[in-house]
Amino acid sequence: MTISPEELAAIHAAAFSTPRPWNAAEIADLLSGPQAFLITEPDGFLIGRVITDEAELLTVAVRPEARGRGLGTGLVATFLSEARARGATTAFLEVAADNHAANALYASAGFAETGRRPGYYVKPDGKKIDALILARALSPAPANS
């Protein structure tokens, strides 16, 4: 499925107020990097990248009306598989401490808190929210026969 940066930005804007949603130019710029990859579904997407043996989940966005149907779980599972296939042995991400749904999703995928950035995110009302740094080990990709 091909989806434009403008469509991705619209999904991101519907999904986020904190952190600030990314615009189409920011998404296109990020995806132009050789390490970045995009996983899409009709109502959501995930952007990740692998540099050497580390994978980073940069964003996962699901339209609000499509939440609660397992779409995020599927996107994260695909990210983990793709990261392994690209040689990653560890996966990292950053998430707002008050994003309880995302934190539950990541915990169910095996991520655990490894650090915290106090006051990293600023909500539209000016309130500061900590960023949690989460990580998990990845088992090696199966060998091709």
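What you see is a predicted model; the values in this text were computed from it and never measured. (Residues numbered from 1 in each chain as written. Predicted model: local features only at pLDDT ≥ 70, side-chain atom pairs only at ≥ 80, totals over all residues. Heavy atoms only, no water.)

S.K.: Please give an account of the packing of aromatic side chains that cites residues and values.
M.R.: Summed over the entire model, instances satisfying the criterion amount to three aromatic pairs. Each ring, one from Phe 37 and one from Phe 79, has its centre 5.9 Å from the other, and the planes form 20°; the classification is stacked. Taken as a pair, Phe 37 in strand E1 (residues 36–41) and Phe 79 in helix H3 (residues 71–85) lie far apart in primary sequence, 42 residues in all. Take Phe 79: its relative accessible area is 0%, and that puts it in the buried class. The interplanar angle of 80° and the centroid separation of 5.2 Å between the aromatic rings of Tyr 120 and Tyr 121 together place this pair among those described as edge-to-face. The exposure class assigned to Tyr 120 is partly exposed, which follows from its relative accessible area of 46%. In this structure, Arg 117 is placed above the aromatic ring of Tyr 120, and the distance from its NZ or CZ to the ring centre is 5.5 Å. (Phe/Tyr/Trp six-rings, centres within 6.5 Å; stacked < 30°, edge-to-face > 60°. Helix = DSSP H or I, 4+ residues; strand = E, 2+ residues; numbered from the N terminus. Buried < 20%, exposed > 50% of the residue type's maximum accessible area, 1.4 Å probe, protein only. Lys NZ or Arg CZ within 6 Å of the ring centre and 35° of its normal.)

S.K.: Break down the pattern of salt bridges for me, with residues and values.
M.R.: Summed over all chains, the structure comprises eight salt bridges. A salt bridge links Arg 49 to Glu 56, with the shortest nitrogen-to-oxygen separation between them at 3.0 Å. Looking at Glu 56, the relative accessible area reads 32%, which means it is partly exposed. Arg 116 is the partner of Asp 130 in a salt bridge, and the nearest nitrogen-oxygen pair spans 3.0 Å. Separated by 14 residues along the polypeptide, Asp 130 in strand E6 (residues 128–137) and Arg 116 in strand E5 (residues 112–122) bring together distant segments of the chain. (Salt bridge = Lys/Arg side-chain N within 4 Å of Asp/Glu carboxyl O.)

S.K.: Outline the nonpolar core, listing residues and values.
M.R.: Ranked by internal contacts, the top residues of the largest apolar core, which has 27 residues, are Leu 46, Leu 57, Val 76, Phe 79, Leu 80, Tyr 106 and Phe 111. Where this core is concerned, the elements lending two or more residues are E1, strand E2 (44–51), strand E3 (54–62), H3, strand E4 (90–96), helix H4 (100–108) and E6. Broken down by element, the residue count for this core peaks at six residues, all from H3. If we ignore the near neighbours within four places in the chain, the residues touching Leu 80 are Ala 91, Ala 109, Phe 111, Arg 136 and Leu 138. Listed in part, the twelve residues of the second largest apolar core include Ala 15, Phe 16, Ala 24 and Leu 58. (Core = buried A, V, L, I, M, F, W, Y, C linked by side-chain atoms within 4.5 Å. Contact = heavy atoms within 4.5 Å.)

S.K.: Please provide a residue-by-residue account of the environment of Pro 42, values included.
M.R.: Tracing the backbone through its elements, the reader meets Pro 42 in the loop between E1 and E2. For the pair Pro 42 and Phe 92, spaced 50 residues apart in sequence, the C-alpha to C-alpha distance is 25 Å.

S.K.: Describe in detail the pairing of E1, supporting the description with residues and values.
M.R.: For E1 and E2, the ladder comprises six bridges, and the chain directions are antiparallel. Residue pairing for E2: Ala 36 is matched across the bridge by Arg 49. (Pairing = 2+ DSSP bridges.)

S.K.: Can you tell me about the sheet that holds E2, naming the residues and giving the values?
M.R.: Read across the sheet, six strands follow the order E1-E2-E3-E4-E6-E5 without closing on themselves; strand pairing throughout is mixed. The open sheet has two edge strands, E1 and E5, and neither has a second partner. Neighbouring strand axes in the sheet, compared pairwise and without regard to direction, differ in orientation by 25° on average. Sitting on the sheet, helix H1 (residues 5–15) touches E1, E2 and E3, and the angle it makes with E3 is about 75°. (Axes fitted to C-alpha atoms, helices over the stretch in contact; angles between N-to-C directions.)

S.K.: I'd love a proper account of the packing of H1 against helix H2 (residues 24–31), names of residues and values included.
M.R.: Packing of H1 against H2 brings their axes to within 8 Å, and their N-to-C directions diverge by 115°. Note that H1 runs across H2; the crossing there is right-handed. Of the residues in H2, those touching H1 at Pro 5, Glu 6, Leu 8 and Ala 9 are Ala 24, Ile 27, Ala 28 and Leu 31. Of the residues in the contact of H1 with H2, the class split is seven nonpolar, no polar and one charged. (Left-handed = near helix turned anticlockwise from the far one by under 90°. Nonpolar A, V, L, I, M, F, W, Y, C, P; charged D, E, K, R; others polar.)

Worth remembering: the numbers are spatial, not functional.
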